[in-house]
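# Examining the three-dimensional arrangement
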Amino acid sequence: MNARITSRNGGTSEVATSNTGATFVPLPAFPATQVTLFNYSGSKIDWRIGSGSFIELNTGTAVQVNGLVNSSQVFVRRTDQVGTPVTVKFHFAD
């Protein structure tokens, strides 16, 4: 017997980084077991899960984050912490 896993919920959205630059901003809340961040902002982005350690995401790259319950568990900010917001796009799937 073969099992096929299908997504029950999914879509795309985006979030702007903080006006202060240094503050992490959560992604909008969607039921999601995985999120793929797409950094086409022109600036390096830091991302983290909850209050964990952050990881840099270079511009023009993407990363898939698994093991989530909700997309709002993922937080982003500009690596250079400049106060000019940039937009980070993401795909979520449950």
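We now turn to the structure provided with this report. Because the structure is a prediction, the values reported are computed rather than measured.

## Remarks on the pairing of strand 8 (residues 87–93)
Across seven bridges, strand 1 (residues 10–16) lies against strand 8 in antiparallel orientation. The partner of Glu 14 across the bridge, within strand 8, is Lys 89. Two elements, strand 3 (residues 34–39) and strand 8, share five bridges in a ladder whose sense is antiparallel. The residue of strand 8 that forms the bridge with Val 35 is Phe 92.

## So, the side chain of Arg 77
Here Arg 77 shows up in strand 7 (residues 74–78). Beyond its immediate sequence surroundings of up to four residues, Arg 77 is in contact with Thr 17, Gly 21, Ala 22, Thr 23, Phe 24, Lys 44, Ile 45, Asp 46 and Phe 54.

## Regarding the sheet that holds strand 5 (residues 55–57)
The four strands are arranged 2-7-4-5 in an open sheet whose pairing can be described as antiparallel. A single partner strand is all that each edge strand has here, and the edge strands are strand 2 (25–26) and strand 5. Here strand 4 (residues 45–49) pairs with strand 7 via five bridges, running antiparallel. Paired with Trp 47 across the two strands is Val 76, which belongs to strand 7.

## Thoughts on the pairing of strand 4
Note that strand 4 and strand 5 share three bridges and pair antiparallel. Residue pairing in the sheet places Asp 46 in a bridge with Glu 56 of strand 5. Taking the residues between adjacent antiparallel strands as the criterion, strand 4 and strand 5 are bridged by five residues, where Gly 50 takes a positive phi near 55°.

## Focus on unusual backbone geometry
Even without a glycine there, the phi angle at Gln 81 is positive, about 55°. By the element assignment, Gln 81 lies in the loop between strand 7 and strand 8. A relative accessible area of 35% means that Gln 81 is categorised as partly exposed.

## Let's talk about the environment of Phe 30
Residue position: Phe 30 is located in the loop between strand 2 and strand 3. In this structure the C-alpha to C-alpha distance between Phe 30 and Trp 47, which are 17 residues apart in sequence, comes to 17 Å. Leave out the neighbours within four places in its chain, and Phe 30 touches Ser 13, Val 69, Asn 70, Ser 71, Phe 90 and Phe 92.

## A look at the pattern of salt bridges
Inspection of every chain in the model, using the stated rule, returns four salt bridges. When the shortest N-O distance is used, the salt bridge between Glu 56 and Lys 44 registers 3.4 Å. Of this pair, Glu 56 sits in strand 5 while Lys 44 sits in the loop between strand 3 and strand 4, placing them 12 residues apart in sequence. The residue Asp 80 makes a salt bridge to Arg 78 at a minimum N-O spacing of 2.8 Å. When its relative accessible area of 8% is taken as the criterion, Arg 78 is described as buried.

Rules used throughout
Residues numbered from 1 in each chain as written. Predicted model: local features only at pLDDT ≥ 70, side-chain atom pairs only at ≥ 80, totals over all residues. Heavy atoms only, no water. Pairing = 2+ DSSP bridges. Helix = DSSP H or I, 4+ residues; strand = E, 2+ residues; numbered from the N terminus. Contact = heavy atoms within 4.5 Å. Buried < 20%, exposed > 50% of the residue type's maximum accessible area, 1.4 Å probe, protein only. Salt bridge = Lys/Arg side-chain N within 4 Å of Asp/Glu carboxyl O.

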